[in-house]
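Listed below are the residues making up each chain.
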Amino acid sequence: MKNPTLFVTVLLLLSLVSNSFLQPTMATTLMCANKCNERCLKAGVMDRCLKYCGICCEQCKCVPSGTYGNKHECPCYRDKKNPKGKPKCP
């Protein structure tokens, strides 16, 4: 390797670029986990509630407040339907 400083600089830049793409995803995932834990607190089938809430949160970037209702706060979450036409998001 003729120029080690160039190599180190390129590695540093690649690291910074890749980190900037990963950070928002991790932040969104953490936000969704926290919001869905709150949303599914009183669910009868907790694991199913957390699964579908997580899917909806990742796609919509929001979760309504409280354990039930308030879907007007997040229209995307409210309007998601399963193949049978029933609400997908808890």
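Residues numbered from 1 in each chain as written. Predicted model: local features only at pLDDT ≥ 70, side-chain atom pairs only at ≥ 80, totals over all residues. Heavy atoms only, no water.

**Q** Just to check I follow, could you spell out unusual backbone geometry for this structure?
**A** Note on backbone geometry: most residues besides glycine have negative phi, and most peptide bonds are trans. Phi is positive for Lys61, which is not a glycine, with a value near 65 degrees. Topologically, Lys61 is positioned in the loop between helix 2 (46-60) and helix 3 (75-79). In this model, Asn70 sits at a positive phi of 60 degrees, which is unusual for a non-glycine residue. By secondary structure assignment, the location of Asn70 is in the loop between helix 2 and helix 3. (Helix = DSSP H or I, 4+ residues; strand = E, 2+ residues; numbered from the N terminus.)

**Q** What's the story with the pattern of salt bridges in this structure? I'm lost.
**A** Should their charged atoms come close, side chains of opposite charge can pair. A full pass over the atoms with the stated rule returns 1 salt bridge. Between Asp79 and Arg78 there is a salt bridge, with the nearest N and O atoms lying 2.8 Å from each other. Its relative accessible area of 44% is what places Asp79 among the partly exposed residues. Owing to a relative accessible area of 35%, Arg78 belongs among the partly exposed residues under this scheme. (Salt bridge = Lys/Arg side-chain N within 4 Å of Asp/Glu carboxyl O. Buried < 20%, exposed > 50% of the residue type's maximum accessible area, 1.4 Å probe, protein only.)

**Q** I keep staring at the nonpolar core and nothing clicks. Help me out?
**A** Across soluble globular proteins, you tend to see nonpolar side chains buried next to one another. Cys32, Cys36, Cys40, Cys49, Cys53, Cys56, Cys57, Cys60, Val63, Cys74, Tyr77 and Cys89 together form the largest nonpolar core, which totals 12 residues. Broken down by secondary-structure element, the contributors of at least two residues to this core are helix 1 (4-39) and helix 2. (Core = buried A, V, L, I, M, F, W, Y, C linked by side-chain atoms within 4.5 Å.)

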